[in-house]
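Chain and residue survey
Spelled out from the first residue to the last, the chains are:
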Amino acid sequence: MVVCVCNAIRESQVRAAARSGCMTACQAYRSLGCQAKCGQCTVVARAIIDTERAAA
């Protein structure tokens, strides 16, 4: 699933960023060489990161 349309960031990329230590959507995006643009995706990205951190 595409999480961020502006940057074409997929759910799997956000999950991988969370597993590598990113704790916020902004950190995950920076690790992927992007930044949030419109901000619509940050809530979904945050939920994915929280899920990954809880599973760890």
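Residues numbered from 1 in each chain as written. Predicted model: local features only at pLDDT ≥ 70, side-chain atom pairs only at ≥ 80, totals over all residues. Heavy atoms only, no water.

Some words on helix 3 (residues 42–55)
Look at helix 3: 20 Å from first C-alpha to last across 14 residues, which is about the 20 Å you get at 1.5 Å a residue. Every buried residue of helix 3 is listed here: Ala45, Ile48, Ile49 and Glu52. Along the axis of helix 3, the buried residues cluster in a sector spanning 95 degrees; they form a single face. Exposed and facing more than 90 degrees away from the buried side of helix 3 are Val43 and Ala54. On its buried side, helix 3 packs onto strand 1 (2–4), helix 1 (11–19) and helix 2 (25–31). (Helix = DSSP H or I, 4+ residues; strand = E, 2+ residues; numbered from the N terminus. Expected span 1.5 Å × (residues − 1). Buried < 20%, exposed > 50% of the residue type's maximum accessible area, 1.4 Å probe, protein only. Arc of directions from axis to C-beta. Contact = heavy atoms within 4.5 Å.)

What about the environment of Gln35?
By the secondary structure assignment, Gln35 is in the loop between helix 2 and helix 3. On the basis of relative accessible area, Gln35 is assigned to the exposed category, the value being 56%. C-alpha of Gln35 to C-alpha of Asn7: the two residues are 28 residues apart in sequence and 7.8 Å apart in space. Apart from the residues lying within four places of it in its own chain, the contact partners of Gln35 are Asn7 and Tyr29.

Some details on the side chain of Asn7
If you trace the backbone, Asn7 turns up in the loop between strand 1 and strand 2 (9–10). A polar contact is formed between the side chain of Asn7 and the backbone oxygen of Gln35, at a distance of 2.8 Å. Contact partners of Asn7, with chain neighbours within four places excluded, come to Cys34, Gln35, Ala36 and Lys37. (Polar contact = N/O pair within 3.5 Å; in protein donor to acceptor, adjacent residues only side chain to side chain.)

Observations concerning the state of the cysteines
By definition, a disulfide links the sulfur atoms of two cysteines through a covalent bond. Scanning the entire structure with this criterion turns up 0 disulfides. Cysteine Cys4 remains unbridged, with the sulfur of Cys41 as its closest cysteine sulfur at 3.7 Å. In this structure Cys4 comes out as buried when scored by relative accessible area, which is 1%. For Cys41, a relative accessible area of 5% gives the class buried. (Disulfide = S-S within 2.5 Å.)

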